[in-house]
Amino acid sequence: TYFNLTIYYHMEDIFIQDFVHLYKIYDQCKRQVEQQIKMSPIVKQALTYIQQHYQDSSLTLERVADELHITSVYLSRMIKHELGISYVGLLTQMRINKAVDLLKTTDLSIRDIAETVGYDTQHYFSTTFKKVVGISPMQFKNDVENVHLS
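Because the structure is a prediction, the values reported are computed rather than measured.

## Focus: the nonpolar core
I50, V64, L75, Y87, F125 and F129 are the most contacted members of the largest nonpolar core, which has 35 residues in total. The set of elements that each furnish at least two residues to this core consists of α2 (41-53), α3 (61-68), α4 (72-83), α5 (87-105), α6 (110-116), α7 (122-133) and α8 (137-149). Sorting elements by how many residues they give to this core places α5 first, with 9 residues. Contacts of F125, omitting those with residues within four sequence positions, involve I96, A99, I110, I113, A114, V117, Y119 and P137.

## Digging into α7
For α7, built from 12 residues, the straight-helix expectation of 16 Å at 1.5 Å per residue is met to within 8% by its first-to-last C-alpha distance of 16 Å. For α7, the set of buried residues is F125, T128 and F129. Across the axial projection of α7, the buried residues extend over an arc of 105°, all falling on one side. For α7, the exposed residues lying more than 90 degrees away from the buried face are H123 and K131. Of the residues flanking the end of α7, it is G134, one or two places downstream, whose phi is positive at about 105°.

## Focus on unusual backbone geometry
In the Ramachandran plot, H69 falls in the positive-phi region, its phi being about 60° despite a non-glycine side chain. By the element assignment, H69 lies in the loop between α3 and α4. Judged by relative accessible area, H69 falls into the exposed class, the value being 74%.

Calculation rules
Residues numbered from 1 in each chain as written. Predicted model: local features only at pLDDT ≥ 70, side-chain atom pairs only at ≥ 80, totals over all residues. Heavy atoms only, no water. Core = buried A, V, L, I, M, F, W, Y, C linked by side-chain atoms within 4.5 Å. Buried < 20%, exposed > 50% of the residue type's maximum accessible area, 1.4 Å probe, protein only. Helix = DSSP H or I, 4+ residues; strand = E, 2+ residues; numbered from the N terminus. Contact = heavy atoms within 4.5 Å. Expected span 1.5 Å × (residues − 1). Arc of directions from axis to C-beta.

As structure tokens, then:
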């Protein structure tokens, strides 16, 4: 599935604000599961196709629609209606989520990560990453390394 969430807590470390945060995470997960259950077969197929091909920098809404034998306008409306996000937003979210994972778990260069997740240029990847995450990929990688060193 597209949504993965792992939660690690030790009971002795939990304070009241942690329970509030935990409830919010639970509620978010519950809404995502409900959303998946209500999702139409077309959007499920589109999500699967996008998940399998997001690394391809030439992946377009038109190509996904052609693969599903529907029009791009119809697919765009279905994705926006059911997921509350545009096709471009969805593709960007998938690519950036994978990039975050690679930045945390590998020693790949920013350029290699950009190419791995479907961006033609490191510059465009870095610009998009900063817009979505709030910091540059290099700063993110440095922050992750600093946390591991502490």
